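# Coordinate inspection notes
In case you want the letters, here they are:
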Amino acid sequence: MSILEIKNLHATVETPEGTKEILKGVDLTIKGGETHAIMGPNGSGKSTLAYAIAGHPKYEITGGEVLLDGEDVLEMSVDERARAGLFLAMQYPVEVPGVTVSNFLRTAKTAIDGEAPSLRTWVKDVKGAMDDLKMDPVFAERNVNEGFSGGEKKRHEILQMQLLKPSIAVLDETDSGLDVDALRVVSEGVNRAKENTEVGIMLITHYTRILQYVKPDFVHVFVNGKIAEQGGPELAERLEAEGYDRFLVGA
Ligand SMILES: Nc1ncnc2c1ncn2[C@@H]1O[C@H](COP(=O)(O)OP(=O)(O)O)[C@@H](O)[C@H]1O
Ligand SMILES: [Mg+2]
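Residues numbered from 1 in each chain as written. Chains lettered and ligands numbered in written order. Predicted model: local features only at pLDDT ≥ 70, side-chain atom pairs only at ≥ 80, totals over all residues. Heavy atoms only, no water.

Looking up the protein chain in an unreviewed UniProt entry gives the name Fe-S cluster assembly ATPase SufC, with the organism given as Brachybacterium paraconglomeratum.

And the structure:
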């Protein structure tokens, strides 16, 4: 079982106004099998945390540690992080013109496993996972995210997670822009991954809605670049009722 340890993480980004510190000492440990909801107001740094873990070049790590099973993640290249078992579903998935979903998935699977998947089981796995996510098979031949609706992009992210079987998955606002049917389909996908693997999940969300479908073990309130409070599922209920105002005063 895997363990992701984030210790006193600081990160900055270059803005037109100069260097800006976004992450201001994040401490968080996620073990395989656990689901951690990261909730917080817009602009608090949640996506920056996701990108910092994934290794986005725009964000400079200025302090702290990220360890996956004791290995220094910050020393790894982006693809080494993926091979080590980290997965990021982005808030705004990028278009990859000229690369079909089918090719993309197979290339990613091959890169992560270090060998090409057996064609017979792979075709069946992809088809099964797409069925599960109620994705039309024609999707496999479309270019990655090109012209995808918001809901299609999010399903495609979960499709990747289901096929790549990461040990730690960071899901950044996978619920945003989904209608209630799509939210259910996507949530069921996350729950299947939880049932079938030992994946540890960091579920970043602004709203409590998805937490009715994907049950968190821990809830962390993220404000102004760090975790301001943590608790169990009851904390999400409190946020639903009260909003983030209580945290923003003085932030
Ligand atoms: N690439 C960037 N360039 C400039 N500012 C950025 C960049 N990325 C993030 N920021 C700023 O960092 C803060 C946190 O952003 P973000 O991590 O996206 O927050 P959240 O996901 O919680 O809404 C915001 O004030 C945002 O404008
Ligand atoms: Mg965000």
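## Quick word on the coordination of the magnesium ion (ligand 2)
Put simply, a metal with four donors set out as a tetrahedron has ideal angles of 109.5 degrees, and one with six donors set out as an octahedron has ideal angles of 90 or 180 degrees. At this site the magnesium ion (ligand 2) is bound by S47 (OG) and Q91 (OE1), with donor distances of 2.1 to 2.2 Å. Here S47 is found in helix α1 (residues 46-54), whereas its partner Q91 is found in the loop between β6 (86-89) and β7 (96-100), with 44 residues between them in sequence. (Donors = N, O, S within 2.8 Å, 3.2 Å for Na, K, Ca; no water. Helix = DSSP H or I, 4+ residues; strand = E, 2+ residues; numbered from the N terminus.)

## A word on the packing of helix α4 (residues 119-132) against helix α5 (residues 150-164)
It is at 10 Å that the axes of α4 and α5 come closest, and there the two elements cross at 140°. Comparing the axis directions of α4 and α5 gives the class oblique. Crossing angle aside, the handedness with which α4 passes α5 is right-handed. Contacts between α4 and α5 pair W122, D125, V126, A129, M130 and D132 from the former with L159, Q162 and L163 from the latter. (Axes fitted to C-alpha atoms, helices over the stretch in contact; angles between N-to-C directions. Parallel < 35°, antiparallel > 145°, perpendicular 65-115°, else oblique. Left-handed = near helix turned anticlockwise from the far one by under 90°. Contact = heavy atoms within 4.5 Å.)

## Some words on helix α7 (residues 233-242)
Among all positions of α7, only L235, A236 and L239 are buried. Down the axis of α7, the buried side of the element spans an arc of 105°, and every buried residue falls inside it. Along α7, exposed side chains directed more than 90 degrees from the buried face belong to E234, E237, E240 and A241. Turning to α7, the residues buried within the fold contact β3 (35-39), β11 (218-223), β12 (226-231) and α8 (245-248). G243 lies just past α7 and shows a positive phi near 70°. (Buried < 20%, exposed > 50% of the residue type's maximum accessible area, 1.4 Å probe, protein only. Arc of directions from axis to C-beta.)

## Digging into the UniProt feature "domain: ABC transporter" (unreviewed entry) in the protein chain
Mapped onto this numbering, the UniProt entry annotates "domain: ABC transporter" (unreviewed entry) at residues 4-249. In residues 4-249, helix accounts for 36% and strand for 31%; the two terminal C-alpha atoms are 31 Å from one another. (UniProt positions renumbered as here; feature names shortened; annotations may be inferred.)

## A look at the sheet that holds strand β1 (residues 3-15)
By way of backbone hydrogen bonds, the strands of a sheet pair with one another, either parallel or antiparallel. With antiparallel pairing, the 4 strands of this open sheet are ordered in space as β2-β1-β4-β5. At either margin of the open sheet sits one strand with a lone partner, and together these are β2 (18-31) and β5 (71-72). Two elements, β1 and β2, share 11 bridges in a ladder whose sense is antiparallel. Note on β2: the bridge partner recorded for L4 is I30. (Pairing = 2+ DSSP bridges.)

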